[in-house]
Amino acid sequence: MVAYRGSGDPVGWTSFDGRSWQRLVFEGSPPPSELSPYLSPVVLPIGILLQGFDEATWFGTPIP
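Residues numbered from 1 in each chain as written. Predicted model: local features only at pLDDT ≥ 70, side-chain atom pairs only at ≥ 80, totals over all residues. Heavy atoms only, no water.

A. Main features of the pairing of strand β2 (residues 11–14). Pairing of strand β1 (residues 2–5) with β2 involves four bridges; the strand directions are antiparallel. Bridge assignment links Tyr4 to a residue of β2, and that residue is Gly12. (Pairing = 2+ DSSP bridges. Helix = DSSP H or I, 4+ residues; strand = E, 2+ residues; numbered from the N terminus.)

B. Structural view of a nonpolar patch on the surface. On the surface, Val2, Leu24, Phe26 and Val43 cluster together to form a nonpolar patch covering roughly 300 Å² of accessible area. Mapped onto the fold, Val2 is located in strand β1. Classification of Val2 as partly exposed rests on a relative accessible area of 38%. (Patch = residues over 30% accessible without salt bridge, like charges linked within 9 Å, V, L, I, M, F, W, Y side chains within 5 Å. Areas by Shrake-Rupley, 256 points an atom, 1.4 Å probe, with all protein chains shown as cover. Salt bridge = Lys/Arg side-chain N within 4 Å of Asp/Glu carboxyl O. Buried < 20%, exposed > 50% of the residue type's maximum accessible area, 1.4 Å probe, protein only.)

C. Structural detail: the confidence of the model for the protein. Put simply, the protein has an average pLDDT of 75, and 72% of its residues get 70 or more. The least confident element of the protein, judged by mean pLDDT, is β1 at 74; the most confident is strand β3 (residues 22–23) at 88. (pLDDT = per-residue confidence, 0-100.)

Here's what the structure looks like:
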């Protein structure tokens, strides 16, 4: 599972069992803050894709 908060400072966590969570580290540029209420997250095996209603997209990859 992935939990993500995009407003303000982006914060994310991941969990395999829903009980113990590990915080994700973000580097680089976050999604545009003016789009965050309109973004729909899709979790992929290689990262997270955020897509807005106006077709704006942002892709984040994990840091090994």
